[in-house]
Amino acid sequence: MRFGVHRHRRSRGLGRRRGFVLLTVLIVIMLSSMVAVSLLYATKAETTAQAAGVRGEQAWAAAMSGVRRALALAQGSMPGDSTWMDNAASLRHQEVVDDGSDRWYFSIWSRSDSEVSPVRFGLSDEASRLNVGVVPADWLGRLPGLETNLTEMPTNTVEALDEIAGDGFPEDPPPGAGETNTPPPMRAPAGTVAAFLAGRGLGVAALFGEDANRNLRLDPNEDDGDTRQPADNQDGRLDAGLQEYLTSLSYEPNVDPEGNLRVNLNDAETPLEGLGLPSATVAYVEALRRGGQSLNHVADLLEAEASLPNEQGAPVPMRSGIGGAELPGLLERCTATDATNLTGLVNVGTAPVAVLRCLPGFDESLAESLASTRVALGPEELRTPAWLFTRGLLTAEQFRAVAPYVTSSSYQFRFHCAGYGLPSGRYRVVEVVIDVAAVPARVVSVRDLTALGFPLPLDLLETDGNVGGTVRVAPREAPGGSGRACFAAAFPSRNPLPDEQDGLAWRPSLSQPYADVTSARGWVDADRGPVPRL
């Protein structure tokens, strides 16, 4: 009996120990499972984040492909040619690449003055704006929102703008021994319209008007009075602020249509033969030189008459020989200055009425007449501003007064570009300024507007299937941000034309993608180096 009781007690003690071991094993298994699940979740989250980063970078790459398309389109334009203004076939919903999971596109647009469409798929030229670096204060005072007296402003020169805010591209500090340059903090280019207005107590409201999200189209909250921000006048039209009328970037090379420097008629050493000028004009300019007189602008020759010295030094009445028929050729080939670049000329072929009415001798009626007349003109006639005279809009005296301030060329352009993938809905939105007067053409600035949301409704991106040339890109390796998903469904299947169709395709090296145009900081400017993602 005692032996049986002892064995029963040992068996019961052994059972307790086995139960404890089993419980311990179960706890260990449960903890291990929790760790495994946590690791699996972390791995999945990291994989998802990496995929989102890659898609965000691919969206950026798609947007940059659009920038290259815009550069090519702007470079291919001639004075008077406005194909860059509204070119949906090349700039709307252009397929970039199908990577197997997404089809990537870009779209480029600017603000439209049309009542039919809220945007136009094209570029906006800086020459259609007033350059705050050179225009007189009384010109600016005629703009909407600047009707107040601005005559007490500092002298409007580029130097004055630099005093306000510098040139906008701070120099990197020199590296120490064994060190490399550290990129400076990214900030908006200074010496700009924003800096100019800030120096006069005007802020964001004056610059962007009702366009709170800067998408260049009228949204419901921008046309409901004071119900929601921003405050607006409920007139059914977008007041885009002074950004539509002011610039600090416009300039053009002083060259003829073939790219050669124009001939300076004031240079006494320059021969006048071979320029295609009428003999009367050659004699008139030679007489001006003999008399020590100079031209303020070659338009001073239009229907000009004066008493000038002949070869014997005796004054004789002379006529310039320049009328409406000769004026376009004179403006194309000749100049009255040695300057290689002309700053701040206003393109009368593209400037809005609000800018045109600021020109000397112009009023609202004349500006409206000019705007309505130019619609019916062809590219050949629009190559020079001579049509202002030949179409009877200005007298010879009025044309001579305004000619030094106007042009028919545009070399700097601003636009919005979105790169996006379907069906993932990842996107990047940028505002870009390019300069095709520089050699090589360059990107002046890229401002990332992705955080403001996708700016266009899907129906605006629908096309008739006539998509332009495909532009091949590859995602960059560097991780980056991504836009928020916004698309509910993918677009219908497209059949893009071959890459060579329009000559605008861009094929970067797959072994070193974007080495020629991008860096970790953003876009690379050919002259100034990296242009920050602002």
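Conventions used here
- Residues numbered from 1 in each chain as written.
- Predicted model: local features only at pLDDT ≥ 70, side-chain atom pairs only at ≥ 80, totals over all residues.
- Heavy atoms only, no water.
- Helix = DSSP H or I, 4+ residues; strand = E, 2+ residues; numbered from the N terminus.
- Contact = heavy atoms within 4.5 Å.
- pLDDT = per-residue confidence, 0-100.
- Buried < 20%, exposed > 50% of the residue type's maximum accessible area, 1.4 Å probe, protein only.
- Patch = residues over 30% accessible without salt bridge, like charges linked within 9 Å, V, L, I, M, F, W, Y side chains within 5 Å.
- Areas by Shrake-Rupley, 256 points an atom, 1.4 Å probe, with all protein chains shown as cover.
- Salt bridge = Lys/Arg side-chain N within 4 Å of Asp/Glu carboxyl O.

S.K.: Describe the side chain of Thr-270, listing the residues and the values that go with them.
M.R.: Locating Thr-270 in the fold gives a position in the loop between strand S8 (263–264) and helix H7 (279–290). Among all residues touching Thr-270, those that are not within four sequence positions of it are Val-263, Asn-264 and Arg-289.

S.K.: I'd like a description of the confidence of the model for the protein chain, backed by residues and values.
M.R.: Per-residue confidence for the protein chain gives a mean pLDDT of 75; residues scoring 70 or more make up 71%. Scored below 50 in pLDDT, residues 151–190 makes 59 contacts in the model with residues more than four places away or belonging to other chains. In the predicted structure, residues 464–534 sits below a pLDDT of 50 and forms 188 contacts with residues beyond four places in sequence or in another chain.

S.K.: Got a sec to walk through the environment of Asp-211? Specific residues and values, please.
M.R.: Tracing the backbone shows Asp-211 in the loop between helix H6 (204–208) and strand S6 (246–247). Here Asp-211 falls in the buried class, since its relative accessible area comes to 0%. With 21 residues separating them along the chain, Asp-211 and Asp-232 place their C-alpha atoms 9.4 Å apart. Beyond its immediate stretch of four places on either side in the chain, Asp-211 contacts Leu-216, Arg-217, Glu-222, Leu-238, Asp-239, Ala-240 and Gln-243.

S.K.: Help me get a handle on a nonpolar patch on the surface, residues and values and all.
M.R.: Together, Val-21, Leu-22, Val-25, Leu-26 and Ile-29 give the surface a local cluster of nonpolar side chains, amounting to about 440 Å² of exposed area. With respect to the element layout, Leu-26 can be found in helix H1 (residues 2–75). Judged by relative accessible area, Leu-26 falls into the partly exposed class, the value being 48%.

S.K.: Give a description of the pattern of salt bridges that names residues and reports values.
M.R.: If you walk through the whole model with that rule in mind, you get 14 salt bridges. For Arg-103, the salt bridge is made with Glu-95, and the minimal N-O distance between the two is 2.8 Å. The exposure class of Arg-103 is buried, given its relative accessible area of 18%. Residue Glu-95 is classed as buried on the basis of its relative accessible area, which comes to 5%. The partner of Glu-126 in a salt bridge is Arg-414, and the shortest N-O contact between them spans 3.0 Å. Of this pair, Glu-126 sits in the loop between strand S4 (124–125) and strand S5 (130–131) while Arg-414 sits in strand S15 (residues 412–422); the two residues are 288 residues apart in sequence, bridging distant segments of the chain. Using a relative accessible area of 0% as the deciding quantity, one classes Glu-126 as buried. It is possible to trace a salt-bridge network through shared partners that takes in Glu-126, Arg-129, Arg-414, Glu-431 and Arg-447.

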